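Given next are the chains, with one letter for each unit.
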Amino acid sequence: MTAVGLVLVGGGVFFMLTGAIGLIRFPDFYTRMHAAGKCDTLGSLLVLTGLAWYGGFVLASVKLLIVALFIFVTSPTATHAIARAAKRNDLAWWTREESR
Amino acid sequence: MSSSFFLGASSVILVAVLLSLYRVVRGPSIIDRIIGVNVIGTKTIAVIVLTGHLFDRVEFFIDIALLYALINFTGTLALSRYLESKGVLVKRSGAAP
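Before going into details, it helps to say that this report is about the structure given with it. (Residues numbered from 1 in each chain as written. Chains lettered and ligands numbered in written order. Predicted model: local features only at pLDDT ≥ 70, side-chain atom pairs only at ≥ 80, totals over all residues.)

**Focus: the overall build of chain A**
Argument step 1. A count of helices and strands for chain A gives three helices and zero strands.
Argument step 2. When its helices and strands are written in sequence order, chain A yields α-α-α.
Argument step 3. Taken over the C-alpha trace, chain A has a radius of gyration of 17 Å; the compact-globule value for 100 residues is 13 Å, which it surpasses by more than 25%.
Argument step 4. For chain A, the proportion of its 100 residues judged to be buried stands at 44%.
Argument step 5. Taking the intrachain contacts of chain A between residues at least 6 apart in sequence as the baseline, contacts between residues at least 24 apart amount to 68%. (Helix = DSSP H or I, 4+ residues; strand = E, 2+ residues; numbered from the N terminus. Rg over C-alpha atoms; globule rule 2.2 N^0.38 Å. Buried ≥ 20, exposed ≤ 12 C-beta atoms within 10 Å, placed from the backbone. Contact = placed C-beta atoms within 7 Å.)

Written out as structure tokens, the structure reads:
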């Protein structure tokens, strides 16, 4: 049964690496935030849930699920707040004509 | 066996942290740096919990991870609320500072 937890942790690590590559490669702030926000939320959620599954029915697993729930609520909220700060400052976005 | 798996997972997450650190250093605007710091903080929580599993002291490290999540969220929210007021971040022409 520990294989399920390890698979979940591996999937979370894969999503974190993908989000970091998207954070480097995308041309614009808004597209970078699209990669970073979603991949980071899903990656940390998968890692914490996999570690809670790996630990079994102990108090530490309940705490891990509480941390996962907290990240699941707060990480999109932080991304939304940063996006609103960028939009209210009229930050320029990427168009196809500006591409190198 | 699972200990080496957790070590490898932590190493891959650290590579992702280094990739995000490139965006923090070379970000064109200040708000790119903010989202880079937010991403690094979220990855750090996973690294802290994996380190707790490596050392068999999960109960201590989870409290540190929860505190780190709180500080990360509060800092990001405070920075974005500060930068929301017009004129702090960029000029209206859209040139990055």
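After that view, the rundown keeps rolling.
**A word on the overall build of chain B**
Argument step 1. Scanning chain B for helices and strands turns up three helices and zero strands.
Argument step 2. Going from the N terminus to the C terminus, chain B shows its helices and strands as α-α-α.
Argument step 3. Here chain B holds 97 residues, and the buried ones make up 38% of them.
Argument step 4. A sequence separation of at least 24 residues applies to 53% of the contacts in chain B between residues at least 6 apart.

**Looking at the nonpolar core**
Argument step 1. Leu48(A), Leu64(A), Ile82(A), Ile31(B) and Val49(B) are the most contacted members of the largest nonpolar core, which totals 52 residues.
Argument step 2. Counting only elements with at least two residues in this core, the list comes to helix H1 (2–25), helix H2 (29–55) and helix H3 (59–88) of chain A together with helix H1 (2–26), helix H2 (30–55) and helix H3 (58–83) of chain B.
Argument step 3. The element best represented in this core is H2(A), accounting for 12 residues.
Argument step 4. If we skip the residues at most four places from it in the chain, Val49(B) touches Leu48(A), Leu51(A), Leu64(A), Phe61(B), Ile62(B) and Ala65(B). (Core = buried A, V, L, I, M, F, W, Y, C linked by C-beta atoms within 7 Å.)

**Regarding the interface of chain B and chain A**
Argument step 1. If you look at the interface, chain B gives 43 residues, while chain A gives 41 residues.
Argument step 2. Of all the elements in the fold, those that place two or more residues in the side of chain B that touches chain A are H1, H2 and H3 of chain B.
Argument step 3. With 13 residues, the top contributor of residues to the side of chain B that touches chain A is H2(B).
Argument step 4. The residue inventory of the side of chain B that touches chain A, partitioned by class, reads 25 nonpolar, 10 polar and eight charged. (Nonpolar A, V, L, I, M, F, W, Y, C, P; charged D, E, K, R; others polar.)

**Some thoughts on H3(A)**
Argument step 1. Here H3(A) spans 44 Å end to end across 30 residues, near enough to the 44 Å set by a 1.5 Å rise per residue.
Argument step 2. Looking one or two residues beyond H3(A), the residue adopting positive phi is Asp90(A), at roughly 55°. (Expected span 1.5 Å × (residues − 1).)

**Description of the environment of Gly41(B)**
All names here are of chain B.
Argument step 1. Structurally, Gly 41 can be placed in helix H2.
Argument step 2. The class of Gly 41 is buried, set by 21 C-beta atoms lying within 10 Å.
Argument step 3. Considered as a pair, Gly 41 and Ala 69 are 28 residues apart in the sequence and their alpha carbons are 7.5 Å apart.
Argument step 4. For Gly 41, the contacting residues outside a window of four places in its chain are Tyr 68 and Asn 72.

**Brief notes about the packing of H1(B) against H2(B)**
All names here are of chain B.
Argument step 1. For the pair H1 and H2, interaxial distance at closest approach is 9 Å and the crossing angle is 165°. On the basis of the axis angle, H1 is roughly antiparallel to H2. Here H1 runs over H2; the crossing is left-handed.
Argument step 2. Within the contact of H1 with H2, the residues separate by chemical class into 16 nonpolar, six polar and four charged. (Axes fitted to C-alpha atoms, helices over the stretch in contact; angles between N-to-C directions. Parallel < 35°, antiparallel > 145°, perpendicular 65-115°, else oblique. Left-handed = near helix turned anticlockwise from the far one by under 90°.)

**Regarding the environment of Asn38(B)**
Argument step 1. For Asn38(B), the location among the structural elements is in helix H2.
Argument step 2. A count of 27 C-beta atoms within 10 Å places Asn38(B) in the buried class.
Argument step 3. When the C-alpha atoms of Asn38(B) and Phe73(B) are compared, they prove to be 7.9 Å apart, with 35 residues separating the residues in sequence.
Argument step 4. Residue contacts for Asn38(B): discarding those within four places in its chain leaves Ala78(A), Asn72(B) and Thr76(B).

**Observations concerning H2(B)**
Along an α-helix, residues three or four apart share an orientation, since each turn contains 3.6 residues.
Residues and elements named next belong to chain B.
Argument step 1. Across its 26 residues, H2 extends 37 Å between first and last C-alpha, which sits within 8% of the 38 Å expected from 1.5 Å per residue.
Argument step 2. Within H2, 19 of the 26 residues are buried, which leaves it mostly tucked inside the rest of the structure.
Argument step 3. Just downstream of H2 lies Asp 56, where phi reads positive at about 60°.

**Quick word on unusual backbone geometry**
Argument step 1. With phi around 60°, Asp56(B) is a residue other than glycine that occupies positive phi space.
Argument step 2. Position of Asp56(B) relative to the elements: it lies in the loop between H2 and H3.

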